[in-house]
Each structure stands twice: as structure tokens, then as C-alpha cells.
Amino acid sequence: MTLTAWQQLLDTATSVPGVRGAVLVSIDDGLVIAESAMDILPTAEVAALAAAIVQRTLRVSAAASQRPPRSVRVSGDAGTLMAFVADGPLWLVAVADPAAELGRLRLLLGDVAAALR
Amino acid sequence: MTLPASSSPTPPRGHAFLELGERLRRRGQLDAAATVTAAGLAHYPDLGPAHDLLGRIRADQHDDAAAAAAWAVALECDQGNVGARKGLAFLAFRGGDLAAAERHLEAAVLAAPHDPEVSSALDRVRAATAPPIAGPVLLDDPAGGIMLFDREGMRLIGGVGPDASDEMADAVAAECAAVVRESVRATRLLHLGPWRQVIVEGPDSRSALFPVADDATLLLVRGASTPVGRVVAAGHRATVAARAWLERMT
């Protein structure tokens with residue numbers, strides 16, 4: 001898949017109401033591969049923090065003798081960080097407002113992550 | 001003025017028969033509506049909306065099998081046919097198959113993410129599948145898939161399921177504490193507010209972490225087919241029980 005195609009899919013994710021931005025992250029090093037986000041969203045920090053969380057959940061799965069997770073969602077009072085495995089070490093990470101409809105967003109982002117493969 | 005069902009009106013040219021068929025259906029003239037729609041389908045057999053309309057007519061006629069068949073054809077014509085998904089969800093819901101209803105509505109939401117009627121229907125189905133009020137939460141049963149651990153990753157009580165040893169539960173607790181630390185850091189640095197939950201979905205399980213106290217976190221583990229909403233609801237109940245347990249311990 002080309003960078004342009006990735007960018008289009010990230011733009012699709014960001015067009016969902018309540019999504020502040022979407023980032024394609026390499027969880028091996030926490031670096032941004034592609035992004036589509038509002039200016040105020042620190043995508044580099046999002047990538048690094050999301051990668052750290054995903055890496056830790058991978059270790060939980062290993063400790064439980066289970067296969068790696070497909071998605072991780074961290075919710076706070078003021079927003080949610082959602083991460084979906086895309087392709088190998090690449091994960092789609094999005095940050096959403098509290099007002100976002102998370103059920104719908106979960107399905108859409110899962111779909112976009114699958115399309116990134 | 002109403003058209004008698006026996007008049008068998010001639011369908012208009014093009015796709016206008018859809019409008020006429022729907023109007024007749026809404027008037028309750030179901031036989032006439034079916035005749036118009038069937039005539040239109042003879043000309044446009046691959047027109048998904050026409051099969052969807054036929055499904056609605058058959059459902060109004062209480063012929064669920066014919067309705068389901070019509071909607072199935074509509075989906076063969078167009079997988080994104082929201083009307084067919086809604087119709088099949090309706091039939092499943094009426095038949096008590098809430099999981100199937102949820103699946104169809106989830107697919108409908110994907111096809112029409114901004115349709116408030118669809119998302120509202122999905123909310124209703126999910127509310128109907130919410131867990132019943134259950135008995136007390138048994139924190140001290142390791143097989144229950146509920147575990148409490150402290151900020152250092154030490155297991156306080158519970159376990160991660162019937163197939164997991166105490167050693168495995170201890171290892172999971174240690175790694176989960178690291179997930180909590182990273183989640184706290186992420187929510188603070190990204191201004192997401194105090195963390196409320198972490199939900200992890202995988203091919204083998206769905207699990208969730210909830211803060212119970214400053215120095216204690218609850219992990220709830222369920223099967224991979226458990227609806228996420230049910231995992232969260234069970235987690236909230238378990239959190240209340242865990243707080244009470246902590247108070248008794250201190």
C-alpha cells in the first residue's frame with residue numbers, strides 16, 4: 001500500500017465526528033509513519049505513548065499464553081486513545097473526544113485498520 | 001383516496017415503482033404493494049432497494065420467512081443495503097436472537113455511520129443484551145476471571161480464569177501494572193483526564209482494567225465473544241465489590 005493510500009484512510013478516520021486525529025504508528029519504535037490530525041494534537045507524543053501501551057499489552061498477552069491483542073482502548077474523563085493493529089508492527093491510533101460515539105468509532109477504526117493491511 | 005388491493009396497478013417506468021410500492025405499503029395496501037414491487041423486480045431483478053421493499057411488505061404481512069429471503073437477496077445485490085440489514089435485525093430481534101440483531105445493526109452502522117435511526121436501534125439492542133442483575137461478585141474465585149492487584153503489580157485477590165495457574169495470574173498482574181502506568185502517563189500527557197478504563201480485545205479474550213483505588217486496579221477477563229459492553233458493565237460491578245473488599249481489608 002502506498003503512503004498516499006495510507007493518508008486517504010487516515011483522513012477517513014479523522015473525518016469521523018469527535019476524532020481529533022489518526023496516526024499510523026510503528027510500535028517497535030513509537031514513530032509516526034503517517035498522520036492526519038488537528039494541529040493541536042501532538043502526534044509524535046501520541047505515537048510514542050500508544051506504542052508503549054501496546055507493547056505492554058503484548059507482554060500481558062504473552063504472560064497469559066494468549067495471542068496478541070487486536071485493539072487497545074484507554075479512556076479518560078476527557079478523551080479516549082484507541083489503537084488497532086494494522087499490519088505487523090504498524091498500528092492505527094486515534095484520539096477521540098468524550099462526545100465521540102465510541103461504539104460506532106470502534107467499528108469504523110477497525111475497518112480502516114483492516115484496510116491498511 | 002386509497003387504491004383497492006385488487007386493482008393491481010401497473011408499475012410506472014424506471015425505478016418509480018419503488019415510490020409507489022412504498023406508498024401502498026404505508027397505506028396498508030400490502031397486496032397491491034407486493035404486486036407493484038414484484039412487477040418492478042421483473043424488470044430490475046438486481047435492484048437491491050426493490051428486494052428491500054419486498055422484504056418490508058412481507059414483514060408487514062407477517063411472512064417472516066419471505067421477508068428474510070427478500071432481504072437476503074437485497075444483500076446479495078448490495079452488501080451495504082442498510083434497509084435489508086435493519087430488516088434482518090428486526091426479524092432477529094423479534095425472534096429473540098439478539099446476537100444476530102446486533103451483528104446486522106453493526107454492519108448497518110458501518111454502511112451508514114451517520115444514520116441516527118440505525119445507531120439508536122443498535123443502542124437498544126445492546127441495552128437488551130446487557131447482563132441481568134446478577135448475584136454477588138466473587139472476588140476470591142480465581143476461575144472467575146476477576147483479579148485485583150496493587151500498583152507494584154502484586155496480586156491481591158482473584159485470578160485470570162479457570163485455565164490459569166496462580167503463577168500465570170501473578171505474571172499477568174505484574175505486566176498489567178505496567179499497562180496501568182503507561183495508561184496513566186498517556187492520559188496525563190495527552191490531557192485525556194484521569195484514566196477510567198483500559199479495554200483490550202484479542203482473538204482469545206476481551207479484558208478490561210479499572211481503577212479501584214489509588215493503589216489498586218481490577219482486571220476482568222472474559223471470552224473473545226463476550227460483547228464489549230458486557231465486559232465494561234461486569235467490570236463496573238466488580239469494581240464496586242473490589243472497593244468494598246479493600247475497605248474490609250484495611
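Residues numbered from 1 in each chain as written. Chains lettered and ligands numbered in written order. Predicted model: local features only at pLDDT ≥ 70, side-chain atom pairs only at ≥ 80, totals over all residues. Heavy atoms only, no water.

1. Concerning the overall build of chain A
- If you tally the helices and strands in chain A, you get three helices and five strands.
- Along chain A, helices (α) and strands (β) appear in the sequence α-β-β-α-β-β-β-α when read from the amino end.
- Taking all 117 residues of chain A together, the buried fraction comes to 56%.
- Within chain A, residue pairs in contact and separated by at least 24 positions form 48% of the contacts whose partners lie at least 6 positions apart.
- Taken as a whole, chain A presents about 4,800 Å² of accessible surface, with 55% of it coming from carbon and sulfur. (Helix = DSSP H or I, 4+ residues; strand = E, 2+ residues; numbered from the N terminus. Buried < 20%, exposed > 50% of the residue type's maximum accessible area, 1.4 Å probe, protein only. Contact = heavy atoms within 4.5 Å. Areas by Shrake-Rupley, 256 points an atom, 1.4 Å probe, with all protein chains shown as cover.)

2. A look at the packing of helix 1 (residues 16-26) of chain B against helix 3 (residues 48-60) of chain B
Residues and elements named next belong to chain B.
- For the pair helix 1 and helix 3, interaxial distance at closest approach is 10 Å and the crossing angle is 10°. Overall, the two elements helix 1 and helix 3 adopt an arrangement that is roughly parallel. Crossing of helix 1 over helix 3 shows left-handed handedness. Residues F17, L18, G21, E22 and R25 of helix 1 touch helix 3, and the partners they reach there are P49, A50, L53, R56, I57 and D60.
- Of the residues assigned to the contact of helix 1 with helix 3, the class counts are six nonpolar, one polar and four charged. (Axes fitted to C-alpha atoms, helices over the stretch in contact; angles between N-to-C directions. Parallel < 35°, antiparallel > 145°, perpendicular 65-115°, else oblique. Left-handed = near helix turned anticlockwise from the far one by under 90°. Nonpolar A, V, L, I, M, F, W, Y, C, P; charged D, E, K, R; others polar.)

3. Brief notes about the nonpolar core
- F149(B), V172(B), L209(B) and L219(B) are the most contacted members of the largest nonpolar core, which totals 42 residues.
- For this core, the element with the highest residue contribution is helix 2 (residues 43-63) of chain A, accounting for nine residues.
- Those residues within four positions of V172(B) in sequence are excluded, and the remaining contacts are V60(A), A63(A), A64(A), M147(B), V160(B) and L219(B).
- Within the second largest apolar cluster, 23 residues are counted, among which are A13(A), A22(A), L90(A) and A100(A). (Core = buried A, V, L, I, M, F, W, Y, C linked by side-chain atoms within 4.5 Å.)

4. Overview of the layout of surface pockets
- As a volume, the largest pocket reaches approximately 840 Å³.
- Considering the residues around the largest pocket, the lining is formed by 35 residues, among which G103(A), R106(A), R126(B), V228(B) and G229(B) are closest to the centre.
- Those elements that place two or more of their residues in the lining of the largest pocket are strand 3 (71-76), strand 4 (79-87) and helix 3 (102-115) of chain A together with helix 6 (98-111), helix 7 (116-128) and helix 9 (228-249) of chain B.
- For the lining of the largest pocket, the element with the most residues is helix 6 of chain B, which contributes six residues.
- Residue composition of the lining of the largest pocket, grouped by class: 13 nonpolar, 10 polar and 12 charged.
- When we break the lining of the largest pocket down by domain, the ones giving at least three residues each are domain 1 (16-129) and domain 2 (142-249) of chain B. (1 Å grid on protein atoms, 1.4 Å probe; cavity = no way out; pocket = protein on both sides within 12 Å on 5 of 7 lines; lining within 4 Å. Points joined across faces, edges and corners; volume = space filled by probe spheres on them. Domains from an automatic or database assignment.)

5. What to know about the packing of aromatic side chains
Residue and element names in this part refer to chain B.
- Summed over the entire model, instances satisfying the criterion amount to one aromatic pair over all chains.
- A ring pair is formed by F17 and Y44, whose centres lie 6.1 Å apart and whose planes are at 5°; its orientation type is stacked. Highlighted residues: F17 in helix 1 and Y44 in the loop between helix 2 (30-43) and helix 3, separated in sequence by 27 residues.
- Residue class for F17 comes out buried when judged on its relative accessible area of 1%. (Phe/Tyr/Trp six-rings, centres within 6.5 Å; stacked < 30°, edge-to-face > 60°.)

6. Focus on the interface of chain A and chain B
- Counting residues at the interface gives 39 residues for chain A and 39 residues for chain B.
- Here chain A and chain B share an interface that buries about 3,400 Å² over both sides, 60% of which is from carbon and sulfur atoms.
- Taken as a group, L49(A), R73(A) and R104(A) account for 17% of the area that chain A buries against chain B, more than any other trio of residues on that side.
- The tally of links from chain A across to chain B stands at four salt bridges.
- The salt bridge partner of E175(B) is R59(A), with a shortest N-O separation of 3.3 Å.
- Looking at the side of chain A that touches chain B, the elements that each hand over two or more residues are helix 2, strand 3, strand 4 and helix 3 of chain A. (Buried area = accessible area lost by both parts, 1.4 Å probe. Salt bridge = Lys/Arg side-chain N within 4 Å of Asp/Glu carboxyl O.)

7. Focus: the pairing of strand 2 (residues 155-158) of chain B
Residue and element names in this part refer to chain B.
- Sheet topology places strand 1 (residues 146-150) next to strand 2; three bridges connect them, and they run antiparallel. Within the sheet, the bridge partner assigned to L148 lies in strand 2 and is I157.
- Once strand 1 ends, the chain turns through four residues before running back antiparallel as strand 2, passing G153 with a positive phi of about 85°. (Pairing = 2+ DSSP bridges.)

8. A look at the sheet that holds strand 4 (residues 205-213) of chain B
- Ordered in space as 2(A)-1(A)-5(A)-4(A)-3(A)-3(B)-4(B)-5(B)-1(B)-2(B), the 10 strands form an open sheet in which the pairing is antiparallel. Strand pairing shows two members of the sheet lacking a second neighbour, strand 2 (31-37) of chain A together with strand 2 of chain B, which therefore form its edges. Strand after strand, the sheet turns through a mean of 15° between neighbouring axes, direction not considered.
- By the bridge criterion, six bridges tie strand 3 of chain A to strand 3 (residues 195-201) of chain B in an arrangement that is antiparallel. Pairing of S75(A) across the sheet is with Q197(B), part of strand 3 of chain B.
- In the packing of helix 1 (residues 3-14) of chain A onto the sheet, the strands contacted are strand 1 (19-26), strand 2 and strand 5 (90-96) of chain A, and the crossing angle to strand 2 of chain A comes to about 50°.
- Along the sheet, helix 2 of chain A makes contact with strand 1, strand 2, strand 3, strand 4 and strand 5 of chain A together with strand 3 of chain B, crossing strand 2 of chain A at roughly 120°.

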